[in-house]
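The lines below spell out each chain.
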Amino acid sequence: MNRFALAISAAIARVTESALGPYQTAVIRIGFTATWLLFLLREFPHRQELYGPDGPWDFDLAQQLIGTNGSFTALIWSNSQFWFESVYAFAVLTSVLLLLGWRTRTMSVLFMVGVLSLQNRSIFMGDGGDNVLHLMCVYLVFTRCGRVWSLDERRAGLAREARARGERARPDRLGPALWGVLGAALVSVTVAGRLDGDLTVPVILWGVWLSQAVWWIVGRRATTPEPRILLDVVGNVVHNGALLVIMAEACLIYATAGWYKIQGSRWQDGTAVHYPLQLDYFSPWPGLAELLSSSGTMVMLITYGTVIVQVAFPFTLFNRRVKNVLLAAMITEHAVIAVVLGLPFFSLAMIAADAVFLPTSFLRRLGDWAARARGGLSRLTKRGDDPTELPAPRTPENPEHAHVGFTA
């Protein structure tokens, strides 16, 4: 009984004392924002047909649909061309800022608004990856996804360094100003009845806005550390709960897809992969599609392998080595789908969802590699500015030129 109580106590402490998976949530943030941003930029010439006032799913149909299901979309507030262009530009801007990790809590909410506004305006525009992005943009709001690989982390690090030197950190004036502007906008749309319908989005918007105010007041007015500790515990619990939901969602997607495939006759006889390869719509590289579909053995192996990997993956999460092998197989599969079937944004969305299961040691190595590559590029740029400058000798006094190996 004591051992069981200790295990429960350790589990509670782990969930409340820290935000788990900081690297994984950072990769999810970067992956989904990059996917949405690339999609918006790729479809910019076609934005009118996809989501604009002149699209096949016209404004009247959108109004009828929103009146029925109560979904949130800012594009239903006006049918003007200017408003549509403004919302589209807003979606692009919030994607860039969240990708960089600038004011991640606020930008995650605004990113969600941009995604839902466009996707709920024309619900038939997508290839499956839009459904994943639709869900994940909501879950991302509840995560502390800016702890690493973000401008927020850089700003926090500079503040810590200043305090360590005995300097007084500069007060954050931009944060409260941004909170005030967004609060005024939120009050305006609420009073105007623009948030009528399903309560999910209004509750999230108001909840995050009020929680930011509480966090700022406690951080600057509390005379004891207990209120700050309490808020940090609440933030950790919410983050860890959202991370668990993201993992469960990814497992559910694969398990559902796998079990539905098992029931299909074409998947049972091993020929299912052959048919999409014969469709012109899914053959951006006809020669490559023909090469794959010409081999019955290859088609059978890919068909059965896809089903096995999708069904087995949720059951391998407690075995790290097997999980990593299947994870690499699924990421490779999505990369092949992106190239062979011409579905890059679906594949990017699924790879971003898979990233939640990547090992922390691998992500740290990836971050170290990126940092060294950036540092090397920066040094080369500086040397390029002065052609007379020679490389410094590799001595203990110049450790930046010494070899640095990968660390776990």
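Residues numbered from 1 in each chain as written. Predicted model: local features only at pLDDT ≥ 70, side-chain atom pairs only at ≥ 80, totals over all residues. Heavy atoms only, no water.

The name that an unreviewed UniProt entry assigns to the chain is Membrane protein, with the source organism given as Streptomyces viridochromogenes. The Subcellular location (unreviewed entry) field of the UniProt record for the chain holds the comment "Endomembrane system". (UniProt positions renumbered as here; feature names shortened; annotations may be inferred.)

**Q** How should I be thinking about the overall build of the chain in this particular structure?
**A** A tally of regular secondary structure across the chain gives 17 helices and zero strands. With the principal axes as the frame, the chain shows a C-alpha extent of 70 × 70 × 65 Å. Within the chain, the proportion of its 408 residues that are buried is 38%. For the chain, restricting intrachain contacts to residue pairs at least 6 apart in sequence, the fraction spanning at least 24 positions comes to 73%. In the form shown here, the chain has an accessible surface area of approximately 23,500 Å², with 66% of it arising from carbon and sulfur atoms. One way to put it: in the chain the 35 positive side-chain charges average out to a point 11 Å from where the 30 negative ones average out. (Helix = DSSP H or I, 4+ residues; strand = E, 2+ residues; numbered from the N terminus. Buried < 20%, exposed > 50% of the residue type's maximum accessible area, 1.4 Å probe, protein only. Contact = heavy atoms within 4.5 Å. Areas by Shrake-Rupley, 256 points an atom, 1.4 Å probe, with all protein chains shown as cover. Lys, Arg positive; Asp, Glu negative; His and termini not counted. Charge placed at Lys NZ, Arg CZ, Asp CG, Glu CD.)

**Q** Looking at this model, I keep getting lost on the state of the cysteines. Mind explaining?
**A** Between two cysteines, a covalent bond joining their sulfur atoms is known as a disulfide. Using the criterion set out here, one finds zero disulfides in the structure. With no disulfide partner, C145 has as its closest neighbouring cysteine sulfur the one in C137, 12 Å distant. Here C251 stays unpaired: no disulfide links it, and the sulfur of C137, its closest cysteine neighbor, is 20 Å away. (Disulfide = S-S within 2.5 Å.)

**Q** Which parts of the structure should I look at to understand the UniProt feature "transmembrane region" (unreviewed entry) in the chain?
**A** Mapped onto this numbering, the UniProt entry annotates "transmembrane region" (unreviewed entry) at residues 82-102, 174-193, 199-218, 230-257, 291-313 and 325-353. Across residues 174-193, helical content stands at 90% and strand content at 0%; the span's end C-alpha atoms are separated by 29 Å.

**Q** Got a minute to help me understand the pattern of salt bridges in this structure?
**A** Pairing of side chains with opposite charge becomes possible as their charged atoms draw close. Under the definition given, this model contains six salt bridges. Between D172 and R103 there is a salt bridge, with the nearest N and O atoms lying 2.8 Å from each other. One end of the pair, D172, is in the loop between α8 (151-164) and α9 (174-191); the other, R103, is in the loop between α5 (81-100) and α6 (104-121), and 69 residues separate them in sequence. On the accessibility criterion, D172 (28% relative accessible area) is partly exposed. Here D152 ties to R155 by a salt bridge, and the two come within 3.1 Å at their closest N and O atoms. (Salt bridge = Lys/Arg side-chain N within 4 Å of Asp/Glu carboxyl O.)

**Q** Quick question: what am I supposed to make of the packing of α6 against helix α7 (residues 129-140) here?
**A** Two quantities define a packed helix pair, namely the angle between the axes and the distance from one axis to the other. Relative to each other, α6 and α7 sit at 150°, their axes nearing to 9 Å. With respect to each other, α6 and α7 are oriented roughly antiparallel. Crossing geometry of α6 relative to α7 is assigned as left-handed. Contact residues: α6 offers S108, F111, M112, V115, L116, Q119 and N120, while α7 offers D130, L133, H134, C137, V138 and L140. Considering only residue class, the contact of α6 with α7 consists of eight nonpolar, four polar and one charged. (Axes fitted to C-alpha atoms, helices over the stretch in contact; angles between N-to-C directions. Parallel < 35°, antiparallel > 145°, perpendicular 65-115°, else oblique. Left-handed = near helix turned anticlockwise from the far one by under 90°. Nonpolar A, V, L, I, M, F, W, Y, C, P; charged D, E, K, R; others polar.)

**Q** What is the right way to look at the UniProt feature "domain: HTTM-like" (unreviewed entry) in the chain in this model?
**A** Look at the UniProt record and you will see "domain: HTTM-like" (unreviewed entry) annotated at residues 17-362. For residues 17-362, helix accounts for 70% and strand for 0%, while the C-alpha atoms at its two ends are 24 Å apart.

**Q** How do you make sense of a nonpolar patch on the surface when you look at a structure like this?
**A** Taken together, F142, L230, V234 and V238 make up a surface patch of nonpolar side chains, about 320 Å² in accessible area. Tracing the backbone through its elements, the reader meets V234 in helix α11 (residues 226-262). (Patch = residues over 30% accessible without salt bridge, like charges linked within 9 Å, V, L, I, M, F, W, Y side chains within 5 Å.)

**Q** Can you walk me through the nonpolar core in this structure?
**A** For soluble globular proteins, nonpolar side chains are generally found buried alongside one another. Within the largest apolar cluster, 84 residues are counted, with the highest numbers of intra-cluster contacts made by F32, W36, L40, Y51, M112, L118 and L205. Setting aside its immediate chain neighbours within four residues, L205 contacts V109, M112, V113, L186 and L195. (Core = buried A, V, L, I, M, F, W, Y, C linked by side-chain atoms within 4.5 Å.)

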